[in-house]
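Report on the structure
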Amino acid sequence: MTDSISKTPAEQALRLERDAAGRLVFTDAAGHPHTGVVPVRAFPIAAPDEGVSLVNTEGHEVAWIDSLPAVAPAARALIEEELALRDFVPEITRLKSVSSFGTPSVWTVETDRGETSFILKGEEDIRRLARTGLLIAGSQGVQYSVRDMTALDRGSRRLLERFL
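Conventions and cut-offs
Residues numbered from 1 in each chain as written. Predicted model: local features only at pLDDT ≥ 70, side-chain atom pairs only at ≥ 80, totals over all residues. Heavy atoms only, no water. Helix = DSSP H or I, 4+ residues; strand = E, 2+ residues; numbered from the N terminus. Contact = heavy atoms within 4.5 Å. Areas by Shrake-Rupley, 256 points an atom, 1.4 Å probe, with all protein chains shown as cover. Lys, Arg positive; Asp, Glu negative; His and termini not counted. Charge placed at Lys NZ, Arg CZ, Asp CG, Glu CD. Pairing = 2+ DSSP bridges. Axes fitted to C-alpha atoms, helices over the stretch in contact; angles between N-to-C directions. Buried < 20%, exposed > 50% of the residue type's maximum accessible area, 1.4 Å probe, protein only. 1 Å grid on protein atoms, 1.4 Å probe; cavity = no way out; pocket = protein on both sides within 12 Å on 5 of 7 lines; lining within 4 Å. Points joined across faces, edges and corners; volume = space filled by probe spheres on them. Nonpolar A, V, L, I, M, F, W, Y, C, P; charged D, E, K, R; others polar. Arc of directions from axis to C-beta. Polar contact = N/O pair within 3.5 Å; in protein donor to acceptor, adjacent residues only side chain to side chain.

With respect to the overall build of the protein chain
On a plain count of helices and strands, the protein chain comes out with 3 helices and 13 strands. In terms of principal-axis extent, the alpha carbons of the protein chain reach across some 60 × 30 × 25 Å. Residue pairs at least 24 apart in sequence account for 37% of intrachain contacts in the protein chain once pairs closer than 6 positions are excluded. Here the protein chain has roughly 9400 Å² of accessible surface; of this, 51% comes from carbon and sulfur atoms. Taking the 19 positively charged and 24 negatively charged side chains of the protein chain as two groups, their mean positions are separated by 8 Å.

What about the sheet that holds strand β11 (residues 126-129)?
The sheet built from 3 strands is open, its strands ordered β11-β12-β13 with antiparallel pairing. Single-partner strands in this sheet number two, and they are β11 and β13 (143-146). Within the sheet, the average angular offset between the axes of one strand and its neighbour, ignoring direction, is 20 degrees. Taken together, the 4 bridges between β11 and strand β12 (residues 133-137) define a ladder with antiparallel strand orientation. Paired with R128 across the two strands is L134, which belongs to β12.

Points about the environment of D49
Its location among the elements puts D49 in the loop between β5 (38-41) and β6 (50-55). Using a relative accessible area of 37% as the deciding quantity, one classes D49 as partly exposed. For the pair formed by D49 and F88, sequence separation is 39 residues and the distance between their alpha carbons is 15 Å. The residues contacting D49, other than those within four sequence positions of it, are R41, D66, S67, L68 and P69.

Some details on the layout of surface pockets
Looking at the largest pocket, its volume works out to about 600 Å³. Of all the elements in the fold, those that place two or more residues in the lining of the largest pocket are α2 (73-86), β12 and β13. The element that contributes the greatest number of residues to the lining of the largest pocket is α2, accounting for 4 residues. The residue inventory of the lining of the largest pocket, partitioned by class, reads 13 nonpolar, 2 polar and 9 charged.

Topic: unusual backbone geometry
Each neighbour pair has its own omega, and for T103 with P104 the value is 0 degrees, a cis peptide bond. Mapping P104 onto the fold places it in the loop between β8 (92-98) and β9 (105-111). Despite not being glycine, A130 shows a phi value in the positive range, around 55 degrees. Note that A130 resides in the loop between β11 and β12.

A closer look at helix α3 (residues 154-161)
Where α3 is concerned, the buried positions are S156, L159 and L160. Around the axis of α3, the buried residues are gathered within 95 degrees of arc, so they sit on the same side. Structural note: α3 exposes R154, R158 and E161 on the side pointing more than 90 degrees away from its buried face. Between the side-chain oxygen at the start of α3 and the backbone nitrogen of G155 there is a gap of 3.1 Å, and the oxygen is on D153.

Okay, structure coming up:
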């Protein structure tokens with residue numbers, strides 16, 4: 001059975017804590033503890049703060065969270081810590097250089113986590129998300145996001161347009 005956490009004040013009090021081993025423990029409405037739960041985003045790119053499931057060690061959902069901002073701050077902080085460990089999608093804030101306008105090519109970019117380089121194997125590794133968002137797959141399996149192409153500086157947009 002899945003508990004649903006809605007935006008009502010009574011339900012904001014999600015009973016979530018860490019045990020001595022550092023695992024998340026969710027206590028459901030019946031008072032049963034579920035040790036080792038893992039938060040999983042339903043839509044990690046399109047709606048990262050909506051639809052988060054707490055999954056037990058057997059892979060079964062034990063709680064559903066409609067909106068992460070509706071969860072009490074202490075529980076939300078625990079969930080966000082776990083999600084940060086699970087979700088590694090650096091956001092590209094600027095393209096510094098591209099080795100060639102054909103593929104494969106080496107891209108040097110600035111991200112919200114620092115400067116890095118990756119190899120773009122093919123143009124099919126760039127996926128459009130909504131109207132202005134992109135998801136770019138580097139050759140080593142890391143996914144990079146561009147939330148809004150129009151917010152990038154002019155030089156970055158010019159480099160990117162050659163591949164779209």
